[in-house]
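Take a look at the letters that make up each chain.
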Amino acid sequence: MHRFWFYSVLLALVVVGCKSSKDTVSPAQIESFNNLVNSKKFTIESDWAYPQVTNAMSQVLSGQLLPPGSNANAINLIGNSNFLTIKGDSITSYLPYFGERQMQVAYGGRDGAIQFNGIMEDVEIKEEKNNRKVITFKANSNSENFNVIITLFPNMKSQIMLRGSSRFFIQYSGKFEPIDPKKSES
C-alpha cells in the first residue's frame, strides 16, 4: 500500500512537471505580442550581460572588479541603467559594455557603452519556433558599426546579440515592454 501512494505521488509530479510551456501563453497574449513587435515601438531593459571571455576578462575577474553575483561569463546589470528602444526605424540605446576592445578607442574613453541614436538599416523581422520573433539589423554608434540580432519571446523576455567592428561579441538578456507614453513625452 505504501508503494502505491509513493508511485501515485511520483506520477502526479511527473505529469505536472512535464506540462508544456506553450500552455502558459494564451492566444490573446500571442496576438498582443505580435502586435507589439510589428508596431516596432518597444523598449528593452537587460538584466544580464554575457561578454566573450578573453584573457583580459579573466584578469578582470581575478581583480574582483565585477558586481556581486557576477563572473566573467555573466555580469548582473540589475540596478545599472541600460536600455535599447526601437521606435519605427529609429533606435536609441545605452548598453554598458564589458569586454575587450580591438581598436579605436574614443579620446577620453567616452565610448565605453554601446550607444545608438539613429536609424536601423537592413531591418528584417522573422517568426521562428514557439512564436518567437527575431529582428536583425545594422546600426551605428559614434565611430563603430554593429550587427544586431534581437530575439523576442511571447513571455516578454528578450535577448540582444551585438557584434561590433572594434569590440568583441556581447549578448544581453532581459525583458521588453511597450514604450511608456509618459516617458516619451518628457
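Details of the structure are given in the entry above.
First, a word on what this report is: a plain description of the structure on this page. Note that the structure is a prediction, hence the values are computed from the model and not measured.

Attention shifts here to the side chain of S141. Its place among the elements puts S141 in strand β7 (residues 133-141). According to the relative accessible area criterion, S141 is buried, its value standing at 1%. Of the polar contacts made by the side chain of S141, one reaches the backbone oxygen of Q115; its length is 2.8 Å.

What the rule picks out here adds up to three aromatic pairs. With centroids separated by 5.6 Å and ring planes inclined at 65°, the aromatic side chains of F42 and F176 adopt a geometry described as edge-to-face. Of the two residues, F42 is situated in strand β1 (residues 41-51) and F176 in strand β10 (residues 170-178); the sequence distance between them amounts to 134 residues. Accessibility classification places F42 together with F176 in one group, the buried group. An angle of 85° between the planes, with centres 5.4 Å apart, marks the rings of F116 and F146 as edge-to-face. Placement of F116 in the loop between β4 (90-94) and β5 (117-119) and of F146 in strand β8 (residues 144-152) is noted, with a sequence separation of 30 residues between them. Overall, the relative accessible area of 2% leaves F116 in the buried class. Among the aromatic side chains, those forming a connected cluster through ring pairs are F33, F42 and F176. Against the face of Y97 rests R167, its NZ or CZ located 5.0 Å from the ring centre.

This part covers helix α2 (residues 27-39). With 13 residues, α2 extends 18 Å between its outermost C-alpha atoms, agreeing within 8% with the 18 Å of an ideal straight helix rising 1.5 Å per residue. Taken residue by residue, α2 has I30, F33, N34, L36 and V37 as its buried positions. The buried side chains of α2 occupy one side of the element, clustering within an arc of 165° when seen end-on. Summarising the geometry of α2, the exposed residues directed more than 90 degrees from the buried face are A28 and E31. Turning to α2, the residues buried within the fold contact β1, β6 (121-127), β7, β8 and β10.

This next bit is on the environment of Q171. Inspection of the secondary structure assignment puts Q171 in strand β10. Each C-alpha atom of the pair Q171 and A49 lies 5.8 Å from the other, and the pair is 122 residues apart in sequence. In contact with Q171, not counting residues within four places along its chain, are W48, A49, Y50, Q159, I160 and M161.

Cut-offs applied
- Residues numbered from 1 in each chain as written.
- Predicted model: local features only at pLDDT ≥ 70, side-chain atom pairs only at ≥ 80, totals over all residues.
- Heavy atoms only, no water.
- Helix = DSSP H or I, 4+ residues; strand = E, 2+ residues; numbered from the N terminus.
- Buried < 20%, exposed > 50% of the residue type's maximum accessible area, 1.4 Å probe, protein only.
- Polar contact = N/O pair within 3.5 Å; in protein donor to acceptor, adjacent residues only side chain to side chain.
- Phe/Tyr/Trp six-rings, centres within 6.5 Å; stacked < 30°, edge-to-face > 60°.
- Lys NZ or Arg CZ within 6 Å of the ring centre and 35° of its normal.
- Expected span 1.5 Å × (residues − 1).
- Arc of directions from axis to C-beta.
- Contact = heavy atoms within 4.5 Å.

What is shown is where atoms sit, not what they do.
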